[in-house]
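# Coordinate inspection notes
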Amino acid sequence: MAAEFHNLQEMQHSALLVTKVFIQRDYSEGTVCRFQNKFPSELNNRIERTLLEETVKTLNSYYVEAEKIGGQSYLEGCLACATAYIVFLCMETRYEKVLKKISNYIQEQNEKIYAPRGLLLTDPIERGMRVLEVSVFEDRGSSGSTPSSSMSSCSSAR
Amino acid sequence: MSAVMITRKVRKWEKLPGKNTFCCDGRVMMARQKGVFYLTLFLIVGTCSLFFAFECPYLAVHLSPAIPVFAVILFLFVIAFLLRTSFSDPGVLPRALPEEANFIEMEIEAANGNVPAGQRPPPRIRNVQINNQIVKLKYCYTCKIFRPPRASHCSICDNCVDRFDHHCPWVGNCVGKRNYRYFYLFTLTLSLLTIYIFAFNIVHVVMRSVDQGFLNTLKETPGTVLEVLVCFFTLWSVVGLTGFHTYLISLNQTTNEDIKGSWSGKNRIQNPYSHKNIIKNCCEVLCGPTYPSVLDRRGLMQEDSPVFTNSEAPSSFNNPVPQTTKTTAPLIPNEHTPDDVKPSIAFSAERSPSPKESSPSPKEEEHPPAPKLPPLASPETDAETSIAKTH
């Protein structure tokens, strides 16, 4: 894991940022946090459609879990209200716990799937939960889209 | 040209655009004008102090000691909810970084197609379907994003706020998605406190007058008159406000939508966010998840660019130029362009259309020229975006 992460950082320094693709929010179900599962055409040659769709679907399910209005959220809300919300100074809310899970998931996906293909996902919370940013990198030394030696060692390490 | 490296750790809140003030190293976030908030605090604390000083000793002895205890609990709740409303991030949406703004501009260009010269491009609106209703998302010229549904731009704080309700000068902050329930609970507990103090003032005056006469009572407890006055005027306004917000919550509407009449009237669409059930609506607003702040206030800024000290240099860390004078976006004001942008739009429309002429800072050269696109919103001159660009 540490070796792969080291390669991720190396890739960022040795690779050239070509463009950024933004996956927008899907508001068809209201104001809940959900990203569109439309595959951007700029990523056609870079990654398989199913992989990206799987990532977006998993992220969406995490957000649904965070924003679920049910027994646990009522309990948390009522308990917090009864203590005038002072309890939030010491306790982590459910949403924050799920956000941590999301952050770990994105890091894992980056290391396993996206970095070997010269892509990088940015956690939506760093962009105001508006977009899922996919940075597209090109190796600095090569002219085409052939993977560099660091990237191929990363993929062979998988 | 001499280079000076600034090594002080700068937190992101110091470079955030918008007209907010921050305290406690970014933990507290409020609007700029705080005078009315101090008045609110003074009125609440002052009236309660008078109550504890004048009425409570008598009532505790002659009626019940539970009366001041309950008053203290109510008072603490009111203060806690007030401070929570005033100090928290209402749900501010961070502005788009340059790459995102460019991406959106290109999408708009593609959607509009070729506009004949001399004709105004169509207003920037995106239609989304929510629960089988078409909702229009408007483009924010200041923040350079398409506002999510129910978001609105607050001109006082100069931020887009998610589920924007209104800007409340009494709490010194906007009321939005993240602090609406605290605001509602504040008005509710304040109503209860006001009614409580008013009622027990009357009880106290009546009880004492029976023993000593009305005028003597007033002489002994002069605070009573002041309290009754404050409570009387507060009652009408705060109780009315609580009732109004209870009505809004039961319909899952915001004050902003109610004022604009977004969901009222036969020709307009119905509220797509309402569950059509009062209990469900109340539960969603009051007991829903506690949304996190997406504005990273306490994160550290990336300090990897040197600052040059001569006059040619971009003054990134020393004088952040105010946002409002620079953000003249595709130079077409529509009815929803924030008012502070309109004069600058009219002004720059009279000059040549190139955005580079309007701001002579050399920072312009850092951004790649894009002659094919319509004049972009001028790049922000604050440090945050320039640093993000050098990432």
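Rules behind the numbers
Residues take numbers from 1 onward in each chain, read along the sequence in its written order. Following the order in which they are written, the chains are lettered starting with A and the ligands numbered starting with 1. Per-residue local features of the predicted model are confined to residues with pLDDT of at least 70, and side-chain atom pairs are confined, for both listing and counting, to 80 or more; whole-chain, interface and lining totals are unaffected and use all residues. Water and hydrogen atoms play no part in the side-chain values, which are based on all heavy atoms of the structure. By definition, any uninterrupted DSSP run of H or I lasting at least four residues is a helix, any uninterrupted run of E lasting at least two residues is a strand, and each is numbered from the N terminus. Partly exposed residues are those whose accessible area sits between 20% and 50% of the maximum for their type, while under 20% is buried and over 50% is exposed, using a 1.4 Å probe and protein chains only. Only heavy atoms enter the contact rule, under which two residues are in contact if any of them lie within 4.5 Å. In this description, accessible areas are obtained by the Shrake-Rupley approach with a 1.4 Å probe, and a residue is regarded as covered only by the protein chains that are shown. UniProt positions are given in the numbering used here, feature names are shortened, and annotations may be inferred rather than shown by experiment. Domain start and stop points were drawn from an automatic or database domain assignment. Put simply, buried area is how much 1.4 Å-probe accessible surface two parts lose in total, over both of them, once they are put together. Any Lys or Arg side-chain nitrogen located within 4 Å of an Asp or Glu carboxyl oxygen qualifies as a salt bridge. As used in this structure description, the phrase polar contact means that two N or O atoms lie within 3.5 Å; if the pair is within protein, one of them must be able to donate a hydrogen and the other to accept it, and residues adjacent in sequence are counted only when both atoms belong to side chains. Two strands qualify as a pair provided DSSP detects at least 2 bridges between them. For a helix, the expected span equals 1.5 Å multiplied by the residue count minus one.

Moving on, we get to the overall build of chain B. Check the secondary structure of chain B and you find 11 helices and 12 strands. Here chain B holds 391 residues, and the buried ones make up 48% of them. Taking as baseline every contact in chain B between residues at least 6 positions apart, the subset at least 24 positions apart corresponds to 65%. Put simply, chain B shows about 19400 Å² of open surface, and 63% of that area lies on carbon and sulfur atoms.

So, about the UniProt feature "transmembrane region" (unreviewed entry) in chain B. Residue and element names in this part refer to chain B. Annotation from UniProt places "transmembrane region" (unreviewed entry) at residues 36-54, 66-83, 182-203 and 223-244. Helix makes up 100% of residues 66-83 and strand 0%, with an end-to-end C-alpha separation of 26 Å. Each end of residues 223-244 is marked by a C-alpha atom, and these two atoms are 31 Å apart; helix forms 100% of the span and strand 0%.

Our next topic: the domain arrangement of chain B. All names here are of chain B. Entries for chain B in the domain assignment read domain 1 (12-93 + 166-287) and domain 2 (98-113 + 122-147). For domain 1 versus domain 2, the distance between C-alpha centres works out to 37 Å. The interface is formed by 5 residues belonging to domain 1 together with 6 residues belonging to domain 2. Across the domain 1/domain 2 interface, buried area totals approximately 510 Å², and carbon plus sulfur atoms make up 61% of it. At the junction of domain 1 and domain 2, the tally comes to 0 salt bridges. Connecting domain 1 to domain 2 are 2 residue pairs in polar contact (both at pLDDT 80 or more).

Attention shifts here to the sheet that holds strand β4 (residues 92-93) of chain B. Strand-to-strand pairing in sheets goes through backbone hydrogen bonds, with the strands running parallel or antiparallel. Residues and elements named next belong to chain B. Spatial strand order, β4-β9-β8: 3 strands in an open sheet with antiparallel pairing. With partners counted over all chains shown, the strands left at the sheet margins are β4 and β8 (152-154), one partner each. Relative to strand β9 (residues 159-161), β8 runs antiparallel, the two being bridged by 3 bridges. If you follow His153 over to β9, its bridge partner there is Cys160.

Residue and element names in this part refer to chain B. The antiparallel open sheet is built from 3 strands, whose spatial order is β5-β6-β7. Lying at the two open borders of the sheet, with one neighbouring strand each, are β5 (125-130) and β7 (145-146). Taken together, the 2 bridges between strand β6 (residues 133-140) and β7 define a ladder with antiparallel strand orientation. Pairing of Cys140 across the sheet is with Ile145, part of β7.

So, about the interface of chain B and chain A. Residue-level contacts link 35 residues of chain B with 30 residues of chain A. Among the residues chain B hides against chain A, the three largest losses belong to Glu100, Phe103 and Thr290 of chain B. Together they make up 19% of the total. The tally of links from chain B across to chain A stands at 2 salt bridges. Counting every contact that joins chain B to chain A gives 4 residue pairs in polar contact (both at pLDDT 80 or more).

A few words now on the pattern of salt bridges. Per the stated rule, a full pass over the model turns up 19 salt bridges over all chains. Here Lys12 of chain B makes a salt bridge to Asp296 of chain B, at a shortest N to O gap of 3.3 Å. Separated by 284 residues along the polypeptide, Lys12 of chain B in the loop between β1 (3-4) and β2 (20-23) and Asp296 of chain B in the loop between α8 (278-287) and β12 (307-308) bring together distant segments of the chain. A salt bridge links Lys177 of chain B to Asp162 of chain B, with the nearest nitrogen and oxygen atoms 3.2 Å apart. On the criterion of sequence distance, the pair formed by Lys177 of chain B in the loop between β11 (173-175) and α4 (180-212) and Asp162 of chain B in the loop between β9 and β10 (166-168) is long-range, its members being 15 residues apart. A cluster of three or more residues bridged by salt bridges with shared partners is formed by Lys20, Arg127 and Glu133 of chain A together with Glu99 of chain B.

With that settled, the discussion passes to unusual backbone geometry. With a phi close to 65 degrees, Asn132 of chain B is a non-glycine residue in the positive phi region. Along the chain, Asn132 of chain B turns up in the loop between β5 and β6.

In this model α4 of chain B runs 47 Å from its N-terminal to its C-terminal C-alpha over 33 residues, within 8% of the 48 Å that 1.5 Å per residue would give. Gly213 of chain B lies just past α4 of chain B and shows a positive phi near 95 degrees.

As a further point, take the environment of His166 of chain B. Residues and elements named next belong to chain B. Take His166: it is sitting in strand β10. You can call His166 buried: its relative accessible area is 17%. Note: C-alpha distance between His166 and Cys154 (12 residues apart in sequence) is 8.1 Å. Leaving out residues up to four positions away in the same chain, His166 has contacts with Cys174, Val175, Phe183, His245 and Thr255. Polar side-chain contacts of His166 include one of 2.6 Å to the side chain of Asp165.

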